[in-house]
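Here are the chains, one letter per residue:
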Amino acid sequence: MRRDKLLEQAISEAEAFLLECKAYQKRINKKYRTCGVDAYDYYDDACIERGTLKARSLLLIRKLQAWRKRGNVE
């Protein structure tokens, strides 16, 4: 079986992305459980993290679409 470097790279990026999403979810759940003054600061950080994750997801989608356009889909 042939190995496609672009597809393997996209898969590894997707796995890293999912791990980061899970870590983000844990941080958000932990921050919202704690009450106090720091809750507002954590919300600001969450907004920035969501934007970063959204941008990464769009780049990953583009990479997978580029692989698909090459005609290697079976």
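Refer to the structure printed above.
First, a word on what this report is: a plain description of the structure on this page. Every value quoted in this text rests on a predicted model; they were computed, and no experiment measured them. Counting restarts for each chain, with residues numbered from 1 along the sequence as it is written. In keeping with the predicted nature of the model, local features appear solely for residues at pLDDT of at least 70, side-chain atom pairs appear and are counted solely at 80 or more, and the whole-chain, interface and lining totals rest on all residues. Side-chain metrics in this entry use all non-hydrogen atoms of the structure; hydrogen atoms and water are not considered.

Examining the overall build of the protein
Moving on, step 1. Here a strand is any run of E in DSSP of at least two residues, a helix any run of H or I of at least four, and the numbering for each starts at the N terminus. Scanning the protein from terminus to terminus reveals two helices and zero strands.
Moving on, step 2. Contact between two residues is taken to exist if any of their heavy atoms lie within 4.5 Å; hydrogens are not considered. Of the contacts made within the protein by residues no fewer than 6 positions apart, 78% connect residues no fewer than 24 positions apart.
Moving on, step 3. To measure how exposed things are, a 1.4 Å probe is used in the Shrake-Rupley method; for residues, cover is taken only from the protein chains shown. Surface exposure of the protein reaches about 6400 Å², of which carbon and sulfur atoms provide 58%.

Here's the deal with the nonpolar core
Moving on, step 1. Within this scheme, the nonpolar core is defined by two criteria: the residues are buried Ala, Val, Leu, Ile, Met, Phe, Trp, Tyr or Cys, and they are joined through side-chain atoms within 4.5 Å. Relative accessible area decides the class of each residue, using a 1.4 Å probe on protein chains only: under 20% of the type maximum gives buried, over 50% gives exposed, and in between gives partly exposed. Counting residues in hydrophobic clusters, the biggest one holds five residues: Phe-17, Tyr-24, Ile-28, Ala-46 and Leu-53.
Moving on, step 2. At the level of elements, helix H1 (5-33) and helix H2 (38-69) are the ones that each hand at least two residues to this core.
Moving on, step 3. Ranked by residues supplied to this core, first place goes to H1 with three residues.
Moving on, step 4. Sequence-distant contacts of Phe-17, that is, excluding residues within four places in its chain, are made with Leu-53, Arg-56 and Ser-57.

Brief notes about the pattern of salt bridges
Moving on, step 1. One side-chain nitrogen of Lys or Arg within 4 Å of one carboxyl oxygen of Asp or Glu is enough to make a salt bridge. One pass over the full model with this rule turns up one salt bridge.
Moving on, step 2. Its salt-bridge partner being Lys-63, residue Glu-13 comes within 2.7 Å of it at the nearest N-O pair. Of this pair, Glu-13 sits in helix H1 while Lys-63 sits in helix H2, and the two are 50 residues apart along the sequence.
Moving on, step 3. Judged by its relative accessible area of 29%, Glu-13 falls in the partly exposed class.

What about the environment of Ala-14?
Moving on, step 1. With respect to the helices and strands, the residue Ala-14 is situated in helix H1.
Moving on, step 2. Residue classification places Ala-14 among the partly exposed positions, given a relative accessible area of 22%.

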